[in-house]
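Structural characterization, general
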Amino acid sequence: MIIIKILFGIICSVVSLAVLFCVIVILAGYIAELYIPENLRNLKKNKGTLFAEDHSMIAAHRAGAGIAPENTPMAFDLCLNSTEFTVQELEFDLHMTKDEKLIVLHDGTLDRTTDAVEMFGRTEVKPSELTYDEIRKLNTGESFVTDNGDMPYKGLRGDDIPDGLRIPLLEEIIDMMEAKGEYLYSIDIKDSGEIGRKCADKLIKMINDKGIADRVIVATFNGDITKYLTEKYPNTQRSVGVTEGLKYYFMYLLNIRPKKPLPFKAIQVPSNQFKVVRPGTKRAIAYFHSLGVACQFWTIDDIDEIKRLSDAGADCIVTNVPDKMYNLFN
């Protein structure tokens, strides 16, 4: 009984400290926003493909997950060929198959977006367990729901599945985009460990071979892959990692200037994470701009928040509804 009381006391103390820490961070963020230091005022605009000139650039999240099945050739085709809206950047995700093909897919399993459970008779079907030929048989429009609640692609099987709803190769998507113009890419490596490192190697080689490295932001949530990219590919145009992102956020709050050049070229973060970490503010954006870092925010579908971020100086906003964001700016 005494041990239980002690453990309960420890847990309460930890929770109290965590709550206090969050409160301090929130207050620090609001206080910081009240005063913009002299060195962050009247900054000259950064030049380069990652920086916006007027309003924020539009990035289609998972190639426009709100208007077509995510990360599919159909979604890319819509963003690249629409007569009703345009985008400047395509954001999408990367996995590697069993036969080491780079495919465009977000989740670590195929369950949510495809008919994989039906086809393979089990759950938690991972792309690294299947060859690309096996993955090509799946319908990636299986779970897509339109704004009015319809599921137009559910139940398609075999030859009835159009190529636009089959999981694409990375190279296929790059070639599709390059045929239409000089777009920006945000490519998120989802695999970690050995598979993630191989994925990074293949990705870096491909973007260098195709001459598009200056228009690609390589991103990952995996700390080991961030470290790998930093050590093996220091010149790669990558996004901030999770741990270093928190580090530089606190440096921003205190207006501390890094002594060394930053190892990343862009921050790609939520604008207001749990109302605790708030990098989507005019002062925070000015701070990172003063370091030559582009500021992108995800995943923003609210029109009022899109306008606020654009007015604050955000370079790019990643959204599921690029058509609505385009209408706002035009």
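Cut-off values and rules
- Residues numbered from 1 in each chain as written.
- Predicted model: local features only at pLDDT ≥ 70, side-chain atom pairs only at ≥ 80, totals over all residues.
- Heavy atoms only, no water.
- Helix = DSSP H or I, 4+ residues; strand = E, 2+ residues; numbered from the N terminus.
- Buried < 20%, exposed > 50% of the residue type's maximum accessible area, 1.4 Å probe, protein only.
- Contact = heavy atoms within 4.5 Å.
- Phe/Tyr/Trp six-rings, centres within 6.5 Å; stacked < 30°, edge-to-face > 60°.
- Core = buried A, V, L, I, M, F, W, Y, C linked by side-chain atoms within 4.5 Å.
- Axes fitted to C-alpha atoms, helices over the stretch in contact; angles between N-to-C directions.
- Parallel < 35°, antiparallel > 145°, perpendicular 65-115°, else oblique.
- Left-handed = near helix turned anticlockwise from the far one by under 90°.
- Salt bridge = Lys/Arg side-chain N within 4 Å of Asp/Glu carboxyl O.
- Pairing = 2+ DSSP bridges.
- Right-handed = clockwise from strand over helix to strand, strands pointing away.
- 1 Å grid on protein atoms, 1.4 Å probe; cavity = no way out; pocket = protein on both sides within 12 Å on 5 of 7 lines; lining within 4 Å.
- Points joined across faces, edges and corners; volume = space filled by probe spheres on them.
- Nonpolar A, V, L, I, M, F, W, Y, C, P; charged D, E, K, R; others polar.

Tallying secondary structure elements over the protein gives eleven helices and eight strands in all. Counting every position in the protein, which comprises 330 residues, the buried fraction comes to 47%. At a minimum sequence separation of 6, the contacts of the protein that also span at least 24 residues come to 67%.

Moving on to the packing of aromatic side chains. Counted under the stated rule, the structure contains ten aromatic pairs. Considering the side-chain rings of Tyr 249 and Phe 250, the 6.0 Å spacing of their centres and the 75 degrees angle between planes classify their relative orientation as edge-to-face. Taking relative accessible area as the criterion, Tyr 249 reaches 3% and is therefore assigned buried. Phe 250 gets classed as partly exposed once you look at its relative accessible area, which sits at 33%. An aromatic cluster is defined as three or more aromatic residues linked by ring pairs; in this entry it consists of Tyr 249, Phe 250, Tyr 252, Tyr 287 and Phe 288.

As a further point, take the nonpolar core. Judged by nonpolar contacts, the single largest core of 64 residues is most densely connected at Leu 90, Phe 92, Leu 170, Met 177 and Leu 203. Those residues in contact with Leu 203 that lie beyond four places of it in its chain are Leu 94, Leu 102, Leu 170, Ile 187, Ile 189 and Val 218.

Two numbers describe how helix α10 (residues 303–312) lies on helix α11 (residues 322–329): the axes approach to 10 Å, and their chain directions differ by 55 degrees. The orientation of α10 with respect to α11, classified from their angle, is oblique. Viewed along their axes, α10 and α11 form a crossing whose handedness is right-handed. Between α10, through Ile 303, Ile 306, Lys 307 and Ser 310, and α11, the contact on the second element is made entirely by Lys 324, Met 325, Leu 328 and Phe 329.

Here we take up unusual backbone geometry. In the Ramachandran plot, Arg 62 falls in the positive-phi region, its phi being about 50 degrees despite a non-glycine side chain. Position of Arg 62 relative to the elements: it lies in the loop between β1 (57–61) and α2 (73–81). A relative accessible area of 15% places Arg 62 in the buried class. At Ala 63, a position not held by glycine, the phi torsion is positive, near 70 degrees. Relative to the assigned elements, Ala 63 resides in the loop between β1 and α2. For Ala 63, a relative accessible area of 0% gives the class buried.

Moving on, we come to the pattern of salt bridges. As enumerated under the stated definition, the model contains 22 salt bridges in all. The salt bridge partner of Glu 178 is Arg 215, with a shortest N-O separation of 2.9 Å. Here the residue Glu 178 occupies a position in helix α5 (residues 170–178), and Arg 215 occupies one in the loop between α6 (193–209) and β5 (216–220), the gap between them amounting to 37 residues. On the basis of relative accessible area, Glu 178 is assigned to the partly exposed category, the value being 29%. For Glu 194, the salt bridge goes to Lys 198, with nearest N and O atoms at 3.8 Å. Here the residue Glu 194 and the residue Lys 198 both occupy positions in helix α6, the gap between them amounting to four residues, near one helical turn. Classification of Lys 198 as partly exposed rests on a relative accessible area of 32%. It is possible to trace a salt-bridge network through shared partners that takes in Asp 115, Glu 118, Glu 142, Lys 154 and Arg 157.

Let's shift gears to the pairing of strand β2 (residues 89–96). For β2, the tally of buried residues reaches eight of eight residues, placing the bulk of the element in the interior. The two faces of β2 match: Glu 89, Glu 91, Asp 93 and His 95 on one face and Leu 90, Phe 92, Leu 94 and Met 96 on the other face are all buried. Two strands pair when backbone bridges link them, and β1 and β2 are joined in this way by three bridges, in the parallel orientation. Residue His 61 lies in a different strand from β2, and its bridge partner there is Glu 91. With α2 bridging β1 and its parallel neighbour β2, the resulting β-α-β unit is right-handed. As paired elements, β2 and strand β4 (residues 184–189) share six bridges and run parallel to each other. Paired with Leu 94 across the two strands is Ile 189, which belongs to β4. Between β2 and strand β3 (residues 102–104), which follow one another and run antiparallel, lie five residues, and Glu 100 among them has a positive phi close to 60 degrees.

As a further point, take the layout of surface pockets. The computed volume of the largest pocket comes to approximately 670 Å³. Around the largest pocket, the lining comprises 32 residues; the ones closest to its centre are Phe 221, Gln 268, Val 269, Pro 270 and Trp 298. Elements with a minimum of two residues in the lining of the largest pocket: β2, β4, β5, α8 (242–253) and β6 (266–269). Here the lining of the largest pocket gets four residues from one element, more than from any other, and that element is α8. Of the residues belonging to the lining of the largest pocket, the class tally is 16 nonpolar, eleven polar and five charged. Of the volumes computed, that of the second largest pocket is approximately 460 Å³.

From the geometry alone we can't say anything about function, so treat these as descriptive.
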